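Spelled out, the chains give:
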Amino acid sequence: MFDWLTDLWVDASGAVFEGAVQPLLYAAGWMQWAERAQEWTDFAILGVVQILVVYLVCRPLEAVRPVEKVTDARAIRTDVLYTLLARLGLLPLIAFVLLSSAERTLMGWLADTGFVPPTLETLFPALREMPLLALLLYVVILDFGEYWRHRFQHRFGWWYALHSVHHAQRQMTFWTDDRNHLLDDAIAAVWFGALALLIGVPPAQFVLIVMLRQLAESLSHANVRLDYGRLGERVLVSPRFHRIHHGELSAGEHGRNYAVLLPVWDWLFGTADFDRTSYPRTGDPDAPEALATGGWFRQQVEGFRQFARALRRG
Ligand SMILES: [Zn+2]
Ligand SMILES: [Zn+2]
C-alpha cells in the first residue's frame, strides 16, 4: 500500500545520486565511497523534503500569529543548524538500518534455536489485510514509548543534564525541535528504533511514521498562538500544548505535557495541562547561559559537562 511512496523515494534518490553526488565523487577521486554516499543520499533526500514541508507549514503561521516577537535571531540560527545536522543525517533512520542488521544477526541465531519472536502482525494476522489500522497501531505504540522516554528524560538527573539543551531555548520556533544533545539523539534513536523492530514495523511504514511525526513535532514547537479547540487539544499535541512543556516553570522534574503526538498519555498519567489561555515564556532558568545563547559546539560541550557532573553525583 505504501510501496508507491518508497518507489518515488528510490527514484528521486537515484536521480540525485547519479546527477549530482556521483559526478562530485568522481571528480574528487572518491569513488570507493560510492555505496556509503548512495545511502546518505537516500536519507538526505527525505531530510530536504521534510525541512521544506515543515517550513511551508510553520513559517506562515509564525508570521501571522506569533506568540512573541523575535528578539534573538542568533539563537534561532543555532536551531537551524541543529535541524540541518539532524534531518540531513536522519539519526533514527540510520539507527534503524544499524539495528536491522543487528536484528538479522540475532534472528539468524534465534532461527537456529527454532524460536521466532512475535510481532504485532504475527500476533494479529488480520492486521496484514488492514494496513491503515496497522499503521495507526504502530503510531500509538511508538508514541507511548516516546511519552515514557520523555518522562525519564526529566526524571533522571544525568538524562535531564542532556535534555536541558532542548529546554534552554528562550526563543522557541519550529526550528527548536531538533535542538538536542548528540548523545541524547543517539539514545532516542536506539529507543525508537528498537521499539519499532520489537513490534515489527515494516521499513516503508517506519519511514512514513518518522516523516509524519517530525512534521507534527516541528509544528508543536512553532512560535504561534494556536490550539486545536477543547476536543482537538485532547487528540493531538498543539503548539499551545507543547509550549507549556517548554515553560520556565515546567523545566526539570516539574514538567507538564510530555506527550509528543498524543496528549492522551498526559491525560492518563496525570501530567496534562489543558489551560488553553496559557502561553508561558520558555526556557530553563537553571541552565547555564551557554546552553541558551552559546553556539552549537558550546552547547554540546556544556551539555556533556553537565552530564558528566550528574553521573558523578550518581
Ligand atoms: Zn522535556
Ligand atoms: Zn520540545
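Rules behind the numbers
- Residues numbered from 1 in each chain as written.
- Chains lettered and ligands numbered in written order.
- Predicted model: local features only at pLDDT ≥ 70, side-chain atom pairs only at ≥ 80, totals over all residues.
- Heavy atoms only, no water.
- Helix = DSSP H or I, 4+ residues; strand = E, 2+ residues; numbered from the N terminus.
- Rg over C-alpha atoms; globule rule 2.2 N^0.38 Å.
- Buried < 20%, exposed > 50% of the residue type's maximum accessible area, 1.4 Å probe, protein only.
- Contact = heavy atoms within 4.5 Å.
- Areas by Shrake-Rupley, 256 points an atom, 1.4 Å probe, with all protein chains shown as cover.
- Lys, Arg positive; Asp, Glu negative; His and termini not counted.
- Charge placed at Lys NZ, Arg CZ, Asp CG, Glu CD.
- 1 Å grid on protein atoms, 1.4 Å probe; cavity = no way out; pocket = protein on both sides within 12 Å on 5 of 7 lines; lining within 4 Å.
- Points joined across faces, edges and corners; volume = space filled by probe spheres on them.
- Nonpolar A, V, L, I, M, F, W, Y, C, P; charged D, E, K, R; others polar.
- Salt bridge = Lys/Arg side-chain N within 4 Å of Asp/Glu carboxyl O.
- Phe/Tyr/Trp six-rings, centres within 6.5 Å; stacked < 30°, edge-to-face > 60°.
- Lys NZ or Arg CZ within 6 Å of the ring centre and 35° of its normal.
- Expected span 1.5 Å × (residues − 1).
- Bend = angle between axes of the 7 residues up to and from the residue.
- Donors = N, O, S within 2.8 Å, 3.2 Å for Na, K, Ca; no water.
- Tetrahedral: all angles 85-135°; square planar, octahedral: opposite > 155°, others 65-115°.

1. What to know about the overall build of the protein
- A count of helices and strands for the protein gives 14 helices and 0 strands.
- Reading the protein from its N terminus to its C terminus gives the helix and strand order α-α-α-α-α-α-α-α-α-α-α-α-α-α.
- Relative to its length of 314 residues, the protein is compact, with a C-alpha radius of gyration of 20 Å against a globular reference of 20 Å.
- Within the span of the protein, comprising 314 residues, buried residues form 46% of the whole.
- Relative to all contacts within the protein whose residues are 6 or more apart in sequence, the contacts with residues 24 or more apart total 74%.
- As displayed, the protein offers around 16300 Å² of accessible surface, 67% of which is attributable to carbon and sulfur atoms.
- A distance of 10 Å separates the average location of the 28 positive side-chain charges in the protein from that of its 33 negative side-chain charges.

2. With respect to empty space enclosed by the protein
- Scanning the entire structure with this criterion turns up 2 cavities of 30 Å³ or more.
- Space inside the second largest cavity adds up to approximately 40 Å³.
- Surrounding the second largest cavity, Ile 51, Val 54, Thr 83, Arg 87, Phe 174, Trp 175, Asp 177, Asp 178 and Ser 218 form its lining.
- Looking at the lining of the second largest cavity, the elements that each hand over two or more residues are α2 (34-64) and α3 (73-89).
- A breakdown of the residues in the lining of the second largest cavity according to their chemical character gives 4 nonpolar, 2 polar and 3 charged.

3. Focus: the pattern of salt bridges
- As enumerated under the stated definition, the model contains 15 salt bridges in all.
- The shortest N-O distance in the salt bridge between Arg 243 and Glu 68 comes to 3.4 Å. You can see Arg 243 sitting in helix α11 (residues 239-245) and its partner Glu 68 sitting in the loop between α2 and α3, a full 175 residues away along the chain.
- Note on Arg 243: relative accessible area 2%, which makes it buried.
- You can call Glu 68 partly exposed: its relative accessible area is 22%.
- Across the salt bridge formed by Glu 121 and Arg 128, the nearest N and O atoms sit 3.4 Å from each other.
- Owing to a relative accessible area of 18%, Glu 121 belongs among the buried residues under this scheme.
- Arg 128 gets classed as partly exposed once you look at its relative accessible area, which sits at 47%.

4. Observations regarding the packing of aromatic side chains
- Summed over the entire model, instances satisfying the criterion amount to 20 aromatic pairs.
- Here the aromatic rings of Tyr 147 and Trp 148 are separated by 5.3 Å at their centres, their planes lie at 90 degrees, and the arrangement is edge-to-face.
- Residue classification places Trp 148 among the partly exposed positions, given a relative accessible area of 23%.
- When the ring of Trp 148 is compared with that of Phe 152, the centres are 5.9 Å apart and the planes differ by 45 degrees; the resulting orientation is tilted. Taken together, the positions of Trp 148 and Phe 152, both in helix α6 (residues 131-155) and 4 residues apart, correspond to about one turn of that helix.
- We note Arg 225 situated over the ring of Tyr 279; from NZ or CZ to the ring centre the distance is 4.7 Å.
- In this arrangement the basic side chain of Arg 234 is found over the ring face of Phe 274, its NZ or CZ atom lying 4.2 Å from the centre.

5. Section: α2
- Counted at 1.5 Å a residue, the expected span for α2 with its 31 residues is 45 Å, and the 45 Å between its end C-alpha atoms agrees.
- The axis of α2 is deflected most strongly, by about 25 degrees, at Tyr 55.

6. Comments concerning the coordination of the zinc ion (ligand 2)
- Protein ligation of the zinc ion (ligand 2) involves His 166 (NE2), His 221 (NE2), His 242 (NE2) and His 246 (NE2), the donor distances falling in the range 2.1 Å.
- Each of the 4 donor atoms bound to the zinc ion (ligand 2) contributes to angles spanning 88 to 168 degrees, and the resulting shape is irregular.
- In this structure, the zinc ion (ligand 2) lies 5.8 Å from the zinc ion (ligand 1). One end of the pair, His 221, is in helix α9 (residues 203-221); the other, His 246, is in the loop between α11 and α12 (264-268), and 25 residues separate them in sequence.
- Under the relative-accessibility criterion, His 221 is labelled buried at 3%.

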